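Residue strings, one per chain:
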Amino acid sequence: MEEKGMMDAKKGVVQMNKIDWKALLKTQTGSILMIVLGAVLAIYPDSASVLVSAVLGWVIIAMGVVMLVGGFLGGPDIGSILQGAFFLVIGAWLHRNPLMIATLLGLLLGVLALRQGWNGVTRAKWIKRSGGFWVPGMVLAVRELIVGVRLILSPMSVSRLVLTIAGIVMVLCGAAELAGSIRGRKYIPGDSRIIDADE
């Protein structure tokens with residue numbers, strides 16, 4: 001009788017230490033979804049950029065439709081009608097050219113880097129004429145010029161880098177949250193309730 005009780009107790013301990021993956025999926029859907037989305041962003045940054053631009057295009061189109069309807073229903077409001085038409089054009093353009101946001105962002109950052117680099121070169125020349133130590137400033141300025149040229153020639157690299165980093169961060173955050181939940185709680189097979197490990 002005592003042996004049977006000990007066997008039942010051991011069986012219960014083993015059962016408590018097992019992870020019920022169904023319960024885990026049910027309670028940690030957010031963490032798992034974050035890991036999956038982060039992996040997609042990191043592996044397919046261009047596709048993610050296309051999706052973001054397409055969704056943004058549809059949102060802008062919807063805003064344009066609302067503005068047009070409001071402009072006509074509330075009496076002919078030329079301002080609302082023109083604004084709605086502008087939103088429709090921009091939204092349709094984004095939907096047809098989903099990579100343009102990433103491209104324009106890369107070009108803008110490239111131009112800013114070139115401007116900053118040129119200012120750095122000018123400043124380094126002034127320091128040189130003044131007899132100061134100008135070499136570090138010139139090196140940094142030339143590096144900024146090179147970065148600016150590279151961004152203008154390959155503007156999509158900015159979008160890829162940003163989305164890849166964002167994906168990696170999402171994967172790490174989701175994995176850390178999921179690991180903490182697994183270590184800190186017990187998922188009992190056959191029961192979706194969560195029991196604290198300290199209990």
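Here, the structure is the one placed above.
The structure displayed is predicted, hence computed values, not measured ones. (Residues numbered from 1 in each chain as written. Predicted model: local features only at pLDDT ≥ 70, side-chain atom pairs only at ≥ 80, totals over all residues. Heavy atoms only, no water.)

**Focus on the packing of aromatic side chains**
Each aromatic ring pair is described using two quantities: the centre-to-centre distance and the angle formed by the ring planes. In total, this model carries 1 aromatic pair according to the counting rule given. Geometrically, the ring pair formed by Phe86 and Phe87 is edge-to-face, given 6.3 Å between the ring centres and 75 degrees between the ring planes. Residue class for Phe86 comes out exposed when judged on its relative accessible area of 52%. (Phe/Tyr/Trp six-rings, centres within 6.5 Å; stacked < 30°, edge-to-face > 60°. Buried < 20%, exposed > 50% of the residue type's maximum accessible area, 1.4 Å probe, protein only.)

**Description of the packing of helix α6 (residues 100–129) against helix α7 (residues 135–153)**
Interaxial distance between α6 and α7 falls to 7 Å at its minimum, and their mutual angle equals 160 degrees. If you check the angle between α6 and α7, you find them roughly antiparallel. Two packed elements cross with a definite hand, and for α6 against α7 that hand is left-handed. Broken down by class, the residue content of the contact of α6 with α7 amounts to 14 nonpolar, 7 polar and 2 charged. (Axes fitted to C-alpha atoms, helices over the stretch in contact; angles between N-to-C directions. Helix = DSSP H or I, 4+ residues; strand = E, 2+ residues; numbered from the N terminus. Parallel < 35°, antiparallel > 145°, perpendicular 65-115°, else oblique. Left-handed = near helix turned anticlockwise from the far one by under 90°. Nonpolar A, V, L, I, M, F, W, Y, C, P; charged D, E, K, R; others polar.)

**A closer look at helix α4 (residues 45–73)**
Taking 1.5 Å of rise per residue, 29 residues should cover 42 Å, and α4 covers 42 Å from first to last C-alpha, within 8% of that figure. Along α4, the residues classified as buried are Pro45, Ala48, Ser49, Ser53, Ala54, Gly57, Ile60, Ile61, Gly64, Leu68 and Gly71. (Expected span 1.5 Å × (residues − 1).)

**Considering α6**
Over its 30 residues, α6 runs 43 Å from end to end, which matches the ideal 44 Å to within 8%, given 1.5 Å per residue. All of the buried residues in α6 are Ala102, Thr103, Gly106, Gly110, Ala113, Gly117, Gly120, Val121 and Ala124.

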